[in-house]
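Working through the structure, step by step
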Amino acid sequence: MKILIVDDEQHVREGIELSISTEKFGITDIFMAENGIEALELIKVHKPAVVFCDMKMPMMNGIELLQQIREIHSNTQVIVISGYSDFEYTRATIKANGVDYILKPFHRKELEEALQKAVNAWNDLESIKQSETERGHLIRKADALLDEKKLASFVRGESLLTDAVRRIFNKLGLPEQALSISVILPRKRMDIVGSRFEMDEELFFFAVDNIAQDAIGDCTGYLCRLDEYQWLMILSDGAASRKGIDLSMQLERVRRAWKQTLGLEVLIGQCARACDLAGLGQAVGEAKQELLGCDVLPGKSKASTASPQEVPPFMNQQFLLQKAIETRNKRFVLDIIGKYAEGLRQQGKLTLKELQICSLEANLLLSRLTAKHSGMSPTPHLALWISDLEEWEKMLLQQFWIVLEATNTAFHGSQEIETIRDYLTRYFHEDISFATLSEKFHLSPQYISKRFKETYNTTIISYLTELKIEKAKALLSNTNSAVSQIANQLGYVDENYFSKVFKKQTGMSPLHFRKVRQETHIFPI
C-alpha cells in the first residue's frame, strides 16, 4: 500500500512519516510533496491509497488539490492535517469525502486512528472495484464464448445465417466478403494442456489466441474453436490485399509463433479461394478436404520412400479386444492397441483420412462392447480430428479403460487412487496431466478424476496446486532463489502464471510473501 504526505514544511512531513507504523498498516511506499501541484502528479502516477494533506500551501493549496482528487474519481482517501480550523477548509474536506480533519499539533494516536479508517475505506472501495472488474471480465468472457458457439453452430450447418452471426462479424471488425478460411488441427494438444497449463483448456486457448493475434499483426482475424480438435481461422483477404500482406505468410508466422512459444505443432488446411459469410460452411469443408491428405506420421523420412501399404482395419482387433475385456485383462488391451499403433507407424505414410477410418472403426467396436452396459455415460468415443498418431493411441486406450472400468467391479477399490495420490505427492514438481496418469496407471481420466474427488474431497488439480504452493513457501522462506527459479523447480514454465497462482492461494505475491517472512525474522541469513 502507498501513501502520500503533502505539506510545505519538511519537519511536518517527517513528523507524519515517523508517526506511522509501516509494518502495522502494510505500507510499502511513502511519497512526499511540498504543494498540490507536486502531489497531483504523484497521485496520477502512483495512485496512493491515502493522502495526508495540509490546507495552506504555495502554488496549489489543499482546497484546489482536494477538488482535483475528486474530479479524477480516485479511490484515494484523504486525511487533512492543518493548523487552521477555518470552515472553508473543513467544508472542502467534507466535499472531498475526507476521512478526518486533524489540527496541528497532532498526536500519534489520532493520526493512526484516522489512518486505520482511511485504510479500511480504501480496502472496501478496492474490493468493490475488483469485483466490478472481475464481473465485467466474466461477462465479456461469457459473451465471447457465446459468440464462438453461435459461429461454430453456423459453420457446422446446425443453424442458419442470422443477424446474430452478422453482428459477431461486425463486432470483430470482419467484413462479410473476401474472407480467407483455414482449419487448424493442434497436435499433441492434451500433452501441452497438461504439462504447461495444468489441464486448463480455457487458459490454453487464451494463450493460443493471444499468440495468433500478435503474429498476424495488422491483419484482421478471428480464431474460433469448432470443437476441441478443430480451430477455424478467419482472415480478411480484402484488407490484407490492400495492405500488400500475404496471408499464407501470416499463417506461417502463426505456426512458427505457436511452435516457438508453446511447443505446439499444428496441421493447417486452407481454402484455396476467398469466400463470403454465406459460403463460410462450404469454405470450411474445402479446407478440411485439404487436411485429409496430410501425413500424420512426421519425421518418418526414411520410411516415406517405401510404397504405401494398405492400412489394416481396426475391426480386425475385435475378437482379441472382446476377449481382453471379458477377462478384464488390462495388459492384454495395452498390448493389442500398442501393436496396432506400431503397425500404423510402419506404414511409411498415414494420411489423416486413413486415421479417421481407423477411428470410425474403433468407435463402432466401442459401441458394440458397451451395448450390454446401457447405463454407461457418456459412451466411450474417439474424436475424429485427432491429427497425431501418438495422441490417437493414448486417447484410444483411455476409451478402452472406460469400458474396462464399467465392466470390472474390482476397479471400485481405493488402492489405485491411493497409489495415484502417493505418485502425485512424490512427483508433483514434474509435468503431470490426466493423460500422464491415464497412461501410467491404465485408468481413464474420467475415472481418476471422479474417484480422487470421492476419496479425498478435492480435485487432482487443487491437490497438486496445494503441494506446489507449500513447497514454494518453503523455498521463498529458506532460500535466496529468484522467483523464476522457484517457479521452474515446481514445473511452472511461466513465472507470471506462477505468481498469479501463488497470490490466489496465499493472498500475497511471492515477493511480498518473502518480504513479510524477512520482516518477521523467519528468513535465514
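Model, not experiment: these values are computed from the prediction.

Cut-offs applied
- Residues numbered from 1 in each chain as written.
- Predicted model: local features only at pLDDT ≥ 70, side-chain atom pairs only at ≥ 80, totals over all residues.
- Heavy atoms only, no water.
- Patch = residues over 30% accessible without salt bridge, like charges linked within 9 Å, V, L, I, M, F, W, Y side chains within 5 Å.
- Areas by Shrake-Rupley, 256 points an atom, 1.4 Å probe, with all protein chains shown as cover.
- Salt bridge = Lys/Arg side-chain N within 4 Å of Asp/Glu carboxyl O.
- Lys, Arg positive; Asp, Glu negative; His and termini not counted.
- Charge placed at Lys NZ, Arg CZ, Asp CG, Glu CD.
- Helix = DSSP H or I, 4+ residues; strand = E, 2+ residues; numbered from the N terminus.
- Buried < 20%, exposed > 50% of the residue type's maximum accessible area, 1.4 Å probe, protein only.
- Phe/Tyr/Trp six-rings, centres within 6.5 Å; stacked < 30°, edge-to-face > 60°.
- Pairing = 2+ DSSP bridges.
- Axes fitted to C-alpha atoms, helices over the stretch in contact; angles between N-to-C directions.
- Contact = heavy atoms within 4.5 Å.
- Core = buried A, V, L, I, M, F, W, Y, C linked by side-chain atoms within 4.5 Å.
- Arc of directions from axis to C-beta.

Re a negative patch on the surface
A surface patch of negative charge is lined by Asp-8, Glu-9, Glu-34 and Glu-38. Relative to the elements of secondary structure, Glu-34 occurs in the loop between strand S2 (29-33) and helix H3 (36-46).

Details of the pattern of salt bridges
Counted according to the given criterion, the structure contains 24 salt bridges. Note that Glu-470 is salt-bridged to Lys-473, the shortest N-O span being 3.4 Å. Of the two residues, Glu-470 and Lys-473 both sit in helix H20 (residues 460-478), three residues apart, roughly one turn of that helix. By relative accessible area, which is 24% here, Lys-473 ends up partly exposed.

Re the packing of aromatic side chains
A complete count under the given rule lists 15 aromatic pairs for this structure. Judged by centre distance (5.3 Å) and plane angle (50°), the rings of Tyr-492 and Phe-498 are tilted. Each member of the pair, Tyr-492 together with Phe-498, is buried. The interplanar angle of 80° and the centroid separation of 5.5 Å between the aromatic rings of Phe-502 and Phe-513 together place this pair among those described as edge-to-face. Taken together, the residues span a long stretch of sequence, with Phe-502 in helix H22 (residues 495-506) and Phe-513 in helix H23 (residues 510-519) at a distance of 11 residues. Like Phe-513, Phe-502 is buried. Aromatic rings pair up to connect Phe-197, Phe-204, Phe-205, Trp-231 and Trp-258 into one cluster.

Considerations on unusual backbone geometry
Even without being glycine, Lys-47 reaches a positive phi, approximately 50°. Within the fold, Lys-47 resides in the loop between H3 and strand S3 (50-53). Look at Arg-328: it is not a glycine, yet its phi comes out positive at around 55°. Following the sequence through the fold, Arg-328 ends up in the loop between helix H13 (318-326) and helix H14 (330-345).

Concerning the sheet that holds S3
If you walk across this open sheet you meet the five strands as S2-S1-S3-S4-S5, and the pairing is parallel. Two strands in the sheet have a free side with no partner beyond their single neighbour: S2 and strand S5 (100-103). Here the strands of the sheet are splayed against their neighbours by 20° on average, with no regard to which way each runs. Pairing between strand S4 (residues 77-82) and S5: four bridges, direction parallel. Across the sheet, the residue bridging to Ser-82 is Leu-103, located in S5. The strands touched by H3 are strand S1 (2-6), S2 and S3; relative to S2, the strand with the most contacts, the crossing angle is about 150°. Those strands touched by helix H4 (residues 62-71) are S1, S3 and S4, and its axis lies near 175° from that of S4.

Examining the sheet that holds strand S6 (residues 179-187)
With antiparallel pairing, the four strands of this open sheet are ordered in space as S7-S8-S6-S9. Of all the strands in the sheet, just strand S7 (221-227) and strand S9 (265-270) have a single pairing partner and so form its edges. Neighbour-to-neighbour, the strand axes of the sheet open up by a mean angle of 25°, direction not taken into account. In the sheet, S6 pairs with S9 via six bridges, with the strands oriented antiparallel. Paired with Arg-187 across the two strands is Glu-265, which belongs to S9. On the sheet, helix H12 (residues 280-292) packs against S6, S7, strand S8 (230-236) and S9 and is oriented at approximately 45° with respect to S6.

A few points about the nonpolar core
Counting 61 residues, the largest nonpolar core has Ile-181, Leu-280, Val-333, Trp-392 and Phe-400 as its most contacted members. Broken down by element, the residue count for this core peaks at nine residues, all from helix H16 (residues 389-407). Discounting chain neighbours no more than four positions away, the residues touching Val-333 are Leu-321, Ala-324, Ile-325, Leu-397, Phe-400, Trp-401 and Leu-404.

Here's the deal with helix H18 (residues 434-441)
Residues Phe-434, Ala-435, Leu-437, Ser-438 and Phe-441 constitute the buried set of H18. Down the axis of H18, the buried side of the element spans an arc of 165°, and every buried residue falls inside it. Lining the buried residues of H18 we find helix H8 (189-196), H14, H16, helix H17 (415-427), helix H19 (445-456) and H20. His-442 lies just past H18 and shows a positive phi near 55°.

Description of the environment of Leu-334
In this structure, Leu-334 sits in helix H14. For Leu-334, a relative accessible area of 24% puts it in the partly exposed group. Each C-alpha atom, one on Leu-334 and one on Tyr-423, is 21 Å from the other, the two residues being 89 residues apart in sequence. Leaving out residues up to four positions away in the same chain, Leu-334 has contacts with Leu-397, Trp-401 and His-442.

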